[in-house]
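# Coordinate analysis (summary)
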Amino acid sequence: MARTRTLAQVYRRFGEVDVAETSPLYARVAIALSESGEALRAIEAAPARKRHPTLILAALHDLALAERAPALAEAYAAADADAAARASIDTLLRMANEVAAIAARRQVRTNETGRHAVLYPAIAGAAHRAGATAVGLIDVGCSAGLNLNVARVGITYSNGQALGDPSSPVRQSASVVGKRPLPARALPEVVARIGIDLDPVDVTDADDARWMRACVWPDQAEHAAKLEAEIALATTDPPLLLRGNAVEVLPDAFTRVPADAMPVVITTWALSHVPLENRLRFLHRLDEAARGRTVAWVSVEGVGVAPGIPTLGDRRASGHSIIGLALFERSTLCAEAVGRCWSQGRMLAWLADA
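Described in the following lines is the structure provided in the data block.

## Things to note about the nonpolar core
Grouped together as the largest cluster of nonpolar side chains are 44 residues, with contacts concentrated most on L33, I56 and L92. At the level of elements, helix 1 (2–18), helix 2 (24–34), helix 3 (37–43), helix 4 (53–65), helix 5 (70–78), helix 6 (81–94), helix 7 (96–105) and helix 9 (206–214) are the ones that each hand at least two residues to this core. Setting aside chain neighbours within four positions, we find L33 in contact with Y11, A39, L40, L57, S88, I89 and L92. I123, L187, V264 and A352 belong to the second-largest nonpolar core, a separate cluster that totals 39 residues.

This is the structure we're talking about:
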């Protein structure tokens, strides 16, 4: 009973606090689940670390998208919160094992759209500093590798600047804080796009693509539309995805970047759950690769998370992230903080000279 009460509190807080303003539909569903002892016992069929509302609700959404829970799909399509609450409980009671199985083998995939706005000027800046005319992008913790499409999207900023491909079907926007403009340089040719993840998502696989969609809350139509555009773009020229731990896989990734191109390693909120020892090993891997050629690292991480990147005197857990740029040239490391960003890259302040 203690476990059930604790789980009930988790779901009630999720509904009343975490998503109350952002997803009224999920708020209603989560509260209904918190009040149903049968539903909570069904959720306990999943492994203990896989019972969080974001994952269980995504598993239910996956079943709805797969047309295996038609009543739930109908409630979501109608944005009927009360019907969705009833259908969620019913689906859990009928398909507890299926929900648990999905939760056990999946992890929540956050929508990567919106990161292009901070990555584009930082990658272009890295190439400019190194004099590179071609780059190979290596995204660590890539999920589906959507960040690797950074050169193929159109980006507009609140200060009137525009970067990227203005004809792209994928459009991004971001707010700029402060008076310093962003660099207006275009990205050089991208000759390799490689993603590394412990469990990469292949958007050309129907089940994987459906899971990406399932992780978007049903009442976030704009969010879902952006993801659809990103998936459609990615499927026209999918990146190479490598499975495994970044420290172990990076050497292989570097060999896949042509010798006449500069490797640019990208991390966006990928290091915060990595122990410091492994973050330092990651840094050592970049240094090793730079013994033969220049390597760049563009990081968008919480304050103090990316080793070697200045924190500008900012406090940890301050609510924003540091946009870092590091160049490894043989035994020399040049690292700087080129900007700050908020809301997963939807708002940024550029600090470096444009």
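## What about the environment of P263?
Within the secondary structure, P263 is located in strand 7 (residues 262–268). The class for P263 is buried, based on a relative accessible area of 0%. Non-local contacts of P263, meaning those with residues more than four positions away in its chain, are made with G136, I138, F254, V257, R293, T294, V295 and A296.

## Observations concerning the environment of T91
Along the chain, the position of T91 falls in helix 6. Looking at T91, the relative accessible area reads 2%, which means it is buried. When the C-alpha positions of T91 and C215 are compared, they lie 17 Å apart, and in sequence the two are 124 residues distant. Once you skip the residues sitting within four places of it in the chain, T91 turns out to touch L60, L63, A69, L72 and A96.

## Considering the sheet that holds strand 1 (residues 134–140)
Read from one edge of the open sheet, eleven strands run 3-2-4-11-10-9-8-7-1-5-6, paired in mixed fashion. Two strands lie at the open edges of the sheet, namely strand 3 (162–164) and strand 6 (240–243), each paired on one side alone. On average, adjacent strands in this sheet sit at an angle of 25 degrees to one another, irrespective of strand direction. Bridge analysis of strand 7 against strand 8 (residues 295–302) gives five bridges, and the strand direction is parallel. Looking at strand 8, one finds that V265 is bridged to W297. Strands strand 1, strand 2 (154–157), strand 3, strand 4 (171–176), strand 7, strand 8, strand 9 (321–329), strand 10 (332–342) and strand 11 (347–350) of the sheet are contacted by helix 8 (residues 116–130), whose axis makes an angle of about 25 degrees with strand 9. Contacts from helix 12 (residues 276–289) reach strand 1, strand 7, strand 8 and strand 9, with the element oriented near 160 degrees to strand 8.

## Looking at unusual backbone geometry
With a phi angle near 50 degrees, W269 is a residue other than glycine that sits in the positive phi range. Look at L312: it is not a glycine, yet its phi comes out positive at around 60 degrees.

## Observations regarding the pattern of salt bridges
Counted under the stated rule, the structure contains 18 salt bridges. The residue E35 makes a salt bridge to R12 at a minimum N-O spacing of 2.6 Å. Of this pair, E35 sits in the loop between helix 2 and helix 3 while R12 sits in helix 1, and the two are 23 residues apart along the sequence. Among the ionic pairs, R193 bridges to D237, the shortest N-O distance being 2.9 Å. Of this pair, R193 sits in strand 5 (residues 189–197) while D237 sits in the loop between helix 10 (221–236) and strand 6, placing them 44 residues apart in sequence. Ionic contacts of the salt-bridge type, sharing partners, join the residues R109, D197, D199 and R243 into one network.

## Quick word on the packing of helix 5 against helix 6
Running from N to C, helix 5 and helix 6 point in directions that differ by 160 degrees, and their axes come no closer than 8 Å. Put simply, helix 5 runs roughly antiparallel to helix 6. Every pair of crossing elements has a handedness; the one defined by helix 5 and helix 6 is left-handed. On helix 6, the residues touching A71, L72, A75 and Y76 of helix 5 are A83, A84, A87, S88 and T91. Looking at the contact of helix 5 with helix 6, its residues break down into seven nonpolar, two polar and no charged.

## Some remarks on the environment of D219
Residue placement: D219 occurs in the loop between helix 9 and helix 10. In the structure, D219 is positioned 139 residues away from D80 in sequence and 9.7 Å away in space, judged by C-alpha atoms. A polar side-chain atom of D219 sits 2.8 Å from a polar atom in the side chain of S23. Within the local environment of D219, its side chain forms a polar contact with the backbone nitrogen of L25, the two atoms lying 3.1 Å apart.

## What about helix 9?
Those residues of helix 9 lying buried are D208, A209, R210, W211, M212 and A214. In this fold, the buried residues of helix 9 make contact with helix 2, helix 4, helix 7 and helix 10.

Thresholds applied
- Residues numbered from 1 in each chain as written.
- Predicted model: local features only at pLDDT ≥ 70, side-chain atom pairs only at ≥ 80, totals over all residues.
- Heavy atoms only, no water.
- Core = buried A, V, L, I, M, F, W, Y, C linked by side-chain atoms within 4.5 Å.
- Buried < 20%, exposed > 50% of the residue type's maximum accessible area, 1.4 Å probe, protein only.
- Helix = DSSP H or I, 4+ residues; strand = E, 2+ residues; numbered from the N terminus.
- Contact = heavy atoms within 4.5 Å.
- Pairing = 2+ DSSP bridges.
- Axes fitted to C-alpha atoms, helices over the stretch in contact; angles between N-to-C directions.
- Salt bridge = Lys/Arg side-chain N within 4 Å of Asp/Glu carboxyl O.
- Parallel < 35°, antiparallel > 145°, perpendicular 65-115°, else oblique.
- Left-handed = near helix turned anticlockwise from the far one by under 90°.
- Nonpolar A, V, L, I, M, F, W, Y, C, P; charged D, E, K, R; others polar.
- Polar contact = N/O pair within 3.5 Å; in protein donor to acceptor, adjacent residues only side chain to side chain.

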